Every structure is written in C-alpha cells, then in structure tokens.
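# Summary of structural features
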Amino acid sequence: MSGTCRQANESGPLMIRMLVQVVPEVQVVEIVMMPGQEIPGFPSDPWSVPGLDKASSRIRARVLRALLGESALRSFSSVVAGVSWRVLVEPIHGEGGAIVGALFVARQGRVWASWERSLVGAFGAVLSQGAILATRERSLLLERRLDGLLGQIAERLMSTSSHTREEILTWTMGTIADSLTVDIAVVRRHDYSRELSVSEAQWPATAACDYVVPTAVGFDADPATRVSVREPFVAEIGPPVDASAYFERVGDGPCEQPVSMISVPLLGTGPAWGVLSLFHFGRRPWAPEELRMLQAVGALLMQTQARIDAEAQTLHNAVHDELTGLPNRRALLTQLAERLKNDRQKTAILFFDLDRFKVMNDFLGHASGDMILSNVGARIRSTIGPNDFAARLGGDEFVVLFSGLDNEKEAIRYADQILSALRQPIELAGQQISHAASVGIVLSTPGVSNGMELIGWADIALYAAKRRGGNQAVLFDEDLKESVGQRSQKELTLRQAIEHDGLRIHYQPEMDLRTGRLLALEALVRWQHPTQGLLPASAFMSVAEETGLVVDMGRWVFTEVCRQLAAWRSEYPGLAISVRVNVSPSQFLIGDLVKFVENCLASYRVPGESLCIEIAERAILQEPEHTALIVKGFRGLGIDVAIDDFGTNYASFAALKRLPVNYLKLSPDFVQGMGNDTIDRAIVETIINLATALDLGVIAKGIESPQTIEKLLAMTCVRGQGSYVSPPMAAGELGTYLRTGVVRRGLDRSQGDLLENVLAM
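The rules behind each value
- Residues numbered from 1 in each chain as written.
- Predicted model: local features only at pLDDT ≥ 70, side-chain atom pairs only at ≥ 80, totals over all residues.
- Heavy atoms only, no water.
- Helix = DSSP H or I, 4+ residues; strand = E, 2+ residues; numbered from the N terminus.
- Expected span 1.5 Å × (residues − 1).
- Buried < 20%, exposed > 50% of the residue type's maximum accessible area, 1.4 Å probe, protein only.
- Contact = heavy atoms within 4.5 Å.
- Polar contact = N/O pair within 3.5 Å; in protein donor to acceptor, adjacent residues only side chain to side chain.
- Pairing = 2+ DSSP bridges.
- Axes fitted to C-alpha atoms, helices over the stretch in contact; angles between N-to-C directions.
- Parallel < 35°, antiparallel > 145°, perpendicular 65-115°, else oblique.
- Left-handed = near helix turned anticlockwise from the far one by under 90°.
- Nonpolar A, V, L, I, M, F, W, Y, C, P; charged D, E, K, R; others polar.
- pLDDT = per-residue confidence, 0-100.

## A word on helix α11 (residues 408-423)
Compared with the 22 Å implied by 1.5 Å per residue over 16 residues, the 23 Å span of α11 between its first and last C-alpha is a close match. Taken residue by residue, α11 has E410, A411, A415, I418, L419 and L422 as its buried positions. Tucked inside the fold, the buried residues of α11 contact β12 (347-354), α10 (366-383), β14 (397-403), β17 (437-443) and β18 (473-475). For α11, the N-terminal capping position is held by N407, with its side-chain oxygen 3.1 Å away from the main-chain nitrogen of K409.

Now the structure itself:
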C-alpha cells in the first residue's frame, strides 16, 4: 500500500480517537460517506458510549438523508427516546469541492461551545484533505491501469481495416468489459435516415437477466442515444435517475436487477457518429478516469472513420493546457525554437507569475483558484496580437513570446500592458478579487538558440521582480546575470561572516497598540558585509537556508541575544520584556536545539520567560511530531512560543490544539492588505477570532499607518510592530525605550495623550 493510501486508511480512526480525547463529554463520533462515493480509509468504525446504538442509528440516518440531498447538511438538535441530543455536522469534501461524506459528533444536552465547533470544523477540513489525497492517488493508479488498456486498444484499432472491423470492434468491447468488470459493452452507429441507433458490435451476445441488447434503438427511446446529446450520459441507482428504466424503454421489459450505465457519444466533425455504452447490473459508481478512458476509446473509434480529423484533435490536446486552453510547455518550447532560428528578429520572452497566488488559492479553495487561472489565461490571450504566442507553463506561471521587437523598451511596454490587464479585479463568489503579477523579461541574442536557457534567464528576472515587491516587470540584463555568479560568492562570504564576527542583531520593538507601552523586542539578524554595508536578513537568508549555514547562524543569534539580555537586565533592573527569536525549520532538525538554548540561558543567567521562540508555520506542516516535541521542550524552560506569519501556509487547526503555543503572529501581507482587500481583512479577523477562542495572543506585523492600528484595535488585536511603530534598531539605540518602557514613535494625538499619562505615572 502506498504512503498516501496508508495515511488515508489511518486518518478516519485517528481523527475519531483524537476527537474523543479533545472534545469534552462526546458520546458519539462517526464518519458517514455518500453512497457510491466510498474512499479508501472511509468510513471508519463509529465510536459511541456503550448503550447508545439507537441514538447513533437515528443520527446516522438523518445525516445520510442530508448527504443524499433530502435535507440541508448542517448541525442539528434531535430528541431520541426522550433525550435531547446536540449534533455537530461537518462535510467532508472531495476533489473539486464536492461533498463525499460527513463527520458528526454528538452528545446529550449541553450546547456546543464556539471553540468546539471550530475544532470539529478543523477536523472536517483535515478529513477532507485526506479524502482528496487518497482519491488522487487512487485516481493515479486507476489512470495508469487504464492507460495500459487504452494502449492495447489503440494498437488494435490502428490496424483496423474494412475486413477486420467487426472482429476488432467486438474484441474492443470484450476487452473493455473484462477490464472494467461490466456486464454489457456495446457500440452503436446513428442511422439518421431511420432515426435509429444501430448496434455495430457488442459483448457479450447475451447478457444478464436473460436480456439481449436490441440491434436498433430509436432516438426518442433513450437519452443516451439522442443525436442532440454531445456529452456523456451517466445513470446510477438513486435520484434523480433510475437506469433500470432504460430497459423498459428499449428492451422487451424491465430488468429485475438495478442497473448502472454510462454512455459516451462518438463525435466527429459533424453530428454525433454514434455512442459507446457500458452496463453493469447492480450499484456501481463511474470513476472520472473511466469516463476519460471511454472518451479516449471513442476518439480512437472515430479515428478509424476519420483518421485525419482525429489525429489533428489529438495533437491539439497534447500541446494545450486543459484549464486555460492556452498552449502548454511542449508547444512553447517548439514555438520558441522556431522563432530562435530566425536570428534577424529579436524575440522577447515574458515570464509571468501571479503574486501571492498560493495564499489566495489556499484561502478561496482550488476551484476558485482554477477560475482565477482561467481568467488570467483569457486576459493574456485578449491582450496579445495574432503573431504573438502565449502559453501556460504550469501552476500560476505563463509565458508570452513577442518577435520583431526593436528594443528593450518595447518589450517592457508589452509587459506593462499585460500587467495592467491582469490587475483588473474579477468577480468571484460575489466579491471583487484583485490579483497582480510579476514578470521577468529576456530578449534573445544572436548565437543563443537554447530556449530553456532563455526561459531560465527570464525566470531569474521574474524572481528579481518578486524580491522587489512584485507587481512589476524586470528585464534580465548583465547585472542580473552577474548576480547569479555572485550568489555562490555570497555563500562563501557569509560563512566567513558567521565564523569571524560579521553578523549583527537589530531589535524591532513590539508595542501595546492602546497605550504605546513596550512589550517585547524581535531579534533580527543583520550582516555587516565587507563591501555592501549592513544587509537585512532578506538579502542572505535564502542562501543561508539552502546551504545549511542557517544552523550555525541560529546558534550565534541565541548566544548573542542571551548575552544582550543579561546586559540589559543588569543596566535596567526590573526590565519586564521578552526578546523574540526566529527559528528556521532547518534548525528544528538539530537534535540538541532545546539543550543548546538551555545552556545559553544558564550561561548568562537569563530566565526562560525572557525569551520567545518564533517558528515558521511550514515547520509545523513538514515535521509536526518532531516540532511538537521541541515546542514542548521550550515551554518546559518557560520560553514562550509564537507561530510566525500564521495562515500563510494553511496550518491545520488541530496543530494548535496539539502545540502549546502562546502567540499567533499575523503576516505583514495580510495586515498591510486590510485597507483595500476584503480577503486579507477576512483572514486577519478569522485568525484573531481563532486565537481568542483558543486563548492565544495575537501580534500584528507590518504596521505602516495609524489607520492600520485603528482597524486592528477594532478587531481586538492589541499588540503590534512595524515601521510606523518603530524600525529595527541596534541594541545601543534602544536606551530610551528600555528606560521609559514606552515606544514613543508612531502614535496619533489620542494615543499620545495615553502615552503622556503612562509617562506621568
């Protein structure tokens, strides 16, 4: 069993055990799956307090009716045998957002608290993710098997002649029926002159229920054979279609067994040529992969009738992106190679990437993300000319080719036109959503014919645009080319800085947004570069992460912070602040991290309460169990723990229950976007409400205006930092703040009055 399926098989029981442990007084927990939507690992065995079988059965039946569409799927109250039950219901979503099941938790009497509802909702989200992953892997395995089947059929059909046609078609029907375990497989041709769909080949000649598939079926007798139908027809047991009625219309009488069927129209350039149908006696869901395979077989069948048209369609599918309709990577490389052959024309390569798309995709959902990508593709297509070329490279990356340009300014002008089109908001679920993009530009040069090399250069320019804040175009030039080589040099120089006292620490104050009181300091590492001066962490942290230098750097930071804390405690007796230290996910891989910090505290006689560890959210997702052990070790030393940039990597709510953290830090992207982006504002408010429910503190980062402070206070967030509060400062520049205990900068008049009151005390 593969890893994903094994995790899916374990996720249901594990979720139930965890729910029983963390939700007080729970008496019934169960996962109910939609009939016909079974997924590996679901449902798990239900759990309930002994003697509650009747109540469990009644609640389960009501949830199942809701899944079948007979009522709304939501939490409810119910009375069973005179006892009042409170039932929380959370949908389990599958691929594409479809509901495939539900998690319900029930207990007698007591109303559910908001944090309990949030927690059960988080469990539902985790189960949905597990269901999606399991479905994807099962889909991949099925698709591989069906790909092999399709290859066999294609090989036989490609050799079909007028003499072997009936034999090979019959073999094809038998092969499909055996592989998909169905009872009947038939291919019909539409006879428009007689308004009949006539059997061309079927397997077997006699089917179950003593029923023989009719040689001809009228167009008006079966929705699957109506000539106007150009989409697959699927019928399964249950509302709104009962496929057994099919046999009453087209056969000699009803079949006594329930029937599931699927039909695929065989389409050419004109009216539908015919239909390929499968029948199964009994309940059977039809997988999307099976449908796609049948459609592919249909295309292969049509190749025998019109090879040229079918081959053209196949070529189109092979070189185009399904979501946007744009050419794909393969088509891009082919087109670029052709353009580079003409050395007399310069070709500009514009490499686009949507800014913050992952955050938006995680928050809105993949279906909404797909809509955004489709919209981006359409806007790019409408912006370029007939001789230009646009392709989707993958994910949220797009590439546009312009040829015949005179200079670099013309390429930048084209890029700005596209960026302007992409900035226009789109309506999504009743909201205006804005999304910007960054673009890297490179112009072809004589003698360079390697398209992938040029795309790589455009990619470097793209990420330069990202580093400069995004929503802009950057041209790849000699300076950028030189920077690639400088990156290797930077690694060597950074290593020397760590070993020879070339690092510095600046501290950014964290303020009580109501009073201006100094609450904490965040330690931010700086590099005193020998030629470039003082560099912020953003200038070298990626190199440190990639090379592992961040581990040694982290040890140096802990040592220096403890030393500085000891000095401040001596100079300012009674100082009641903590220093927050960022810990990289790479540092969590060190086995003795907690012991190292403990030794630092002991060496400088600094209490653990004077430190706060900030961990990246992705560390929780990558190594949840290992991270939990380290966090508990820090808490055992009295050290507070904060999750930095919470919400940017979609950490599970269950992790908050498992990890003894103290604070959630809001990403500056969300905080700065509150003023003009409803999504950012909703994210901030949701995180604050979650923290309140879990009794956690919230710290806002990136405060750049008094208006932001007002919005945060309105949402009950009272701690924050940013350039408006105070920039990072060297230890020697913090004397006033440390002596008065107040941050002076960044206060409006009303806040200044509060500050004066504090100073007068």
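## As for the sheet that holds strand β13 (residues 389-394)
Read across the open sheet, the five strands follow the order β13-β14-β12-β17-β18; overall the sheet is mixed. Looking at the sheet topology across the chains shown, the edges are occupied by β13 and β18. Mean inter-strand twist for the sheet, computed between neighbouring axes without regard to direction, equals 20°. Judged from the three bridges that link them, β17 and β18 form a sheet pairing that is parallel. Following the sheet pairing, V439 is matched in β18 by A473. Here α10 sits on the sheet and contacts β12, β13 and β14; the angle it forms with β14, its principal contact strand, is near 5°.

## Examining the pairing of strand β22 (residues 578-583)
Where burial is concerned, most of β22 is hidden: five out of the six residues are buried. Bridging between β22 and strand β23 (residues 611-616) involves five bridges; their strand directions are parallel. Across the sheet, the residue bridging to R580 is C612, located in β23.

## Concerning the packing of helix α16 (residues 593-604) against helix α18 (residues 624-636)
Their axes nearest at 9 Å, the elements α16 and α18 cross at an angle of 20°. On the basis of their axis angle, the class for α16 and α18 is roughly parallel. Between α16 and α18 the crossing geometry is right-handed. Between α16 and α18, the residues in contact are L593, V594 and V597 and I630, G633 and F634, respectively. For the contact of α16 with α18, the residue count by class is five nonpolar, one polar and no charged.

## A closer look at the confidence of the model for the protein chain
In the predicted model, the protein chain carries a mean pLDDT of 82, and the fraction of residues at 70 or more is 85%. When pLDDT is averaged over each helix and strand of the protein chain, the minimum, 45, is found for helix α24 (residues 749-760) and the maximum, 95, for strand β27 (residues 719-720). In the predicted structure, residues 249-254 sits below a pLDDT of 50 and forms 15 contacts with residues beyond four places in sequence or in another chain. Overall, residues 754-761 carries pLDDT values under 50, and its contacts beyond four positions in sequence, including any with other chains, amount to twelve contacts.

## Describing the sheet that holds strand β9 (residues 233-235)
If you walk across this open sheet you meet the six strands as β8-β7-β6-β11-β10-β9, and the pairing is antiparallel. Bordering the open sheet on either side are β8 (216-218) and β9, each of which pairs with just one other strand. Neighbour-to-neighbour, the strand axes of the sheet open up by a mean angle of 20°, direction not taken into account. Direction of pairing for β9 relative to strand β10 (residues 259-266): antiparallel, over a ladder of three bridges. Bridging from a neighbouring strand, F233 pairs with S263 of β10. Against the sheet, helix α4 (residues 165-180) engages β6 (184-191), β7 (196-203) and β11 (274-281), with an angle of about 70° to β7.

## With respect to the pairing of strand β19 (residues 503-512)
The buried fraction of β19 amounts to nine of the ten residues, a majority that puts the element mostly inside the structure. Relative to strand β20 (residues 518-529), β19 is paired through nine bridges, and the arrangement is antiparallel. Bridge assignment links R504 to a residue of β20, and that residue is R526. Connecting β19 to the antiparallel partner β20 that follows it, the hairpin turn spans five residues, and G516 within it adopts a positive phi of roughly 85°. With two bridges connecting them, β19 and β27 associate as antiparallel partners.

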